[in-house]
Amino acid sequence: MTKLYAVGDVHGCSASFRHLLIHVLKISPEDRVYCLGDYIDRGPDARGVVDLILELREKDITSIRYAAITSRCSWMPAGAQWS
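Engineer: Where do I start with helix α1 (residues 14-24) in this structure?
Structural biologist: The periodicity of an α-helix, 3.6 residues per turn, causes residues three or four positions apart to be oriented the same way. Turning to α1, its buried residues number three or more, namely Ser14, Phe17 and Leu21. Each buried residue of α1 sits inside an arc of 70° when the element is viewed along its axis, so together they form one side. More than 90 degrees from the buried face of α1, the exposed residues found are Ala15, His23 and Val24. One or two steps after α1, the chain reaches Lys26, where phi turns positive at roughly 50°.

See the structure below:
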């Protein structure tokens, strides 16, 4: 049976993210994990998070999604848009 999981706000914590997926959720190849954003800022291992997401994508387990932000942030230049 396919299970669907949504995970967000990993914030560069690859060890915690890996532990969640493998030991807590116990994902299988039939499952789908939707990564919702905030993957890399703040934590100690941004590269590890990205590598894990890409590894899971190769196995067709993850789908990367990012919640759209439609309003302009104060640090964005005037006229800039989210892509």
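Additional details are given in the paragraphs that follow.
Engineer: Whenever I open this one, the nonpolar core confuses me. Can you help?
Structural biologist: Across soluble globular proteins, nonpolar side chains show a tendency to be buried alongside one another. Core analysis: the largest hydrophobic core is formed by 14 residues, its most contacted members being Phe17, Leu21, Val33, Cys35, Val49 and Ile53. Elements that contribute at least two residues to this core include exactly β1 (4-7), α1, β2 (32-35) and α2 (46-58). In terms of residues, this core owes the most to one element, α2, which gives four residues.

Engineer: Which parts of the structure should I look at to understand the pattern of salt bridges?
Structural biologist: For side chains of opposite charge, pairing can occur when their charged atoms come near one another. With the rule as written, the count across this model stands at five salt bridges. As a salt-bridge pair, Glu55 and Arg18 come within 3.9 Å of each other at their nearest N and O atoms. Of this pair, Glu55 sits in helix α2 while Arg18 sits in helix α1, and the two are 37 residues apart along the sequence. For Glu55, a relative accessible area of 32% corresponds to the partly exposed category.

Engineer: How should the side chain of His11 be read in this particular structure?
Structural biologist: In this structure, His11 sits in the loop between β1 and α1. Apart from residues lying up to four places away in sequence, His11 is in contact with Asp38, Tyr39, Ile40, Asp41, Arg42 and Gly43.

Thresholds applied
Residues numbered from 1 in each chain as written. Predicted model: local features only at pLDDT ≥ 70, side-chain atom pairs only at ≥ 80, totals over all residues. Heavy atoms only, no water. Buried < 20%, exposed > 50% of the residue type's maximum accessible area, 1.4 Å probe, protein only. Helix = DSSP H or I, 4+ residues; strand = E, 2+ residues; numbered from the N terminus. Arc of directions from axis to C-beta. Core = buried A, V, L, I, M, F, W, Y, C linked by side-chain atoms within 4.5 Å. Salt bridge = Lys/Arg side-chain N within 4 Å of Asp/Glu carboxyl O. Contact = heavy atoms within 4.5 Å.

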